[in-house]
Amino acid sequence: MNSKRMQNLHPYVPGEQPKDRKYIKLNANENPYPPCPEVISAVTGFVSGSPEKLGLYPDPDSLALHEAIAGMLNRTGGVLCRAVSGGKQCRPADEDKIPFTVTPDMIYSGNGSDEVLSFVFYAFFDSDCRLVVPEFSYSFYPVYGGFYNIPLDPVKLNRDWTLDTAEMTAHEKRNRSGIIFANPNAPTGRGISRSQVREMLLNTHSDKVFVVDEAYVDFGGESCIPLLAEFPNLLIVRTFSKSLCSAGMRLGYIVASPELVRTVTTVKNSLNHFPIDAVAQVAGTAACSNDGYYADCARKIVSEREKFSTFLTHHGWNVIPSQTNFVFVKKNGIRGDEAYTRIKEQGILVRHFATKGIEEYLRITIGTEEQMQKLSSAMECI
Ligand SMILES: *Cc1c(COP(=O)(O)O)cnc(C)c1O
């Protein structure tokens, strides 16, 4: 009964989403804090103030949302944990200042960055050359590779789990295929600097799209948005799911040249031209207008991450230095799946990947101070 293309599908397996609430959930890199109060009042105001709008199609171009996203990027420099907040809105740290103004025509938004990434794969990568990806990175890339019949060329990471930028560049030069990676990367938590990405851009094919997935950059990475002034083939993907406390909202976006944005919009308009519902548009717009709140949340998470990393190191765990809202850790003498089970028995869910090469490790999301205290006691005696 099934089509032939069904045979090529290898669906993504998300972190467990338990129906009962008995677990502390630190397995999907969600943000432990709620959206800011302004989001709640914008959503309730929209639903009760103009319920008839729920019966109408939303703005297909999400214009207000794109203006709000561009404004937030200009005010934060694209890295919330370093942005200087004086109340509701921020100004960028000196090292994050963007040397031009991000405009709404440089933004494309979709139903979570997973959908955005799917359109990016469709729009820019072909089945006749192998797309360069890191060996260990976001596990949705191979899923989309399979879905769109785009072969991948995975490049090994360095021994310290950073990207091997020279090797990735060399592969792209050979394949003439484009490149995609997360920076900071998942599940390792390690990032590379903007100048390293610039070096890669100088040494890869400028007629192919170069994708940087910045899902975690707000927790301490360096954003590549400033490089857009120099490289029209650079495309940056970002999400509301991690630093903007809105995984349930399903909002992700692209920052790129207006030309690349138009290409992705063409793909969207050939499939589903209303990807973002009216409520999500209202919520997302309100979130971006209150970047100060999210900058504070990001800083709390960074400070918990550092405390937790130090704690684990003192208790014999090997902790890979992280620039994200999670840590990638292992302990000699205990298997990853065993550690996972022992922690689950204490009522806490973390993430273990059975993938060969990272099977000794756990990926643990940073939660609130209280959650991390419980987790620390659970891991202390493993
Ligand atoms: C979480 C994550 C995403 C997906 O985010 P959504 O916007 O929730 O779809 C994309 N890329 C990476 C690297 C992620 O970790």
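Structural data are supplied above this passage.
A brief look at the structure comes next. (Residues numbered from 1 in each chain as written. Predicted model: local features only at pLDDT ≥ 70, side-chain atom pairs only at ≥ 80, totals over all residues. Heavy atoms only, no water.)

## What about the pairing of strand S5 (residues 131-134)?
Here's step 1: Residue alternation in S5 divides its side chains into two sets, Leu131 and Val133 and Val132 and Pro134, and both sets are buried.
Here's step 2: After leaving S5, the chain enters helix H4 (residues 140-147) and then returns to the sheet as strand S6 (residues 152-155), a path that is right-handed. (Buried < 20%, exposed > 50% of the residue type's maximum accessible area, 1.4 Å probe, protein only. Helix = DSSP H or I, 4+ residues; strand = E, 2+ residues; numbered from the N terminus. Right-handed = clockwise from strand over helix to strand, strands pointing away.)

## Observations regarding unusual backbone geometry
Here's step 1: With an omega dihedral of -5°, the bond running from Asn183 to Pro184 counts as a cis peptide bond.
Here's step 2: Looking at the secondary structure, you find Pro184 in the loop between strand S7 (179-182) and helix H6 (194-202).
Here's step 3: That bond from Ala186 to Pro187 is cis: its omega, 5°, falls within 30 degrees of zero.
Here's step 4: Residue placement: Pro187 occurs in the loop between S7 and H6.
Here's step 5: Even without a glycine there, the phi angle at Asn29 is positive, about 55°.
Here's step 6: Overall, Asn29 belongs to the buried group, its relative accessible area being 0%.
Here's step 7: Backbone geometry places Asn149, a non-glycine residue, at a positive phi of 60°.
Here's step 8: If you trace the backbone, Asn149 turns up in the loop between H4 and S6.

## As for the side chain of Ser243
Here's step 1: Looking at the secondary structure, you find Ser243 in the loop between strand S9 (234-239) and strand S10 (252-256).
Here's step 2: The exposure class assigned to Ser243 is buried, which follows from its relative accessible area of 1%.
Here's step 3: For Ser243, the side chain forms a polar contact with the side chain of Asp218, separated by 2.6 Å.
Here's step 4: Apart from residues lying up to four places away in sequence, Ser243 is in contact with Asn31, Leu80, Asp218, Phe219 and Tyr294. (Polar contact = N/O pair within 3.5 Å; in protein donor to acceptor, adjacent residues only side chain to side chain. Contact = heavy atoms within 4.5 Å.)

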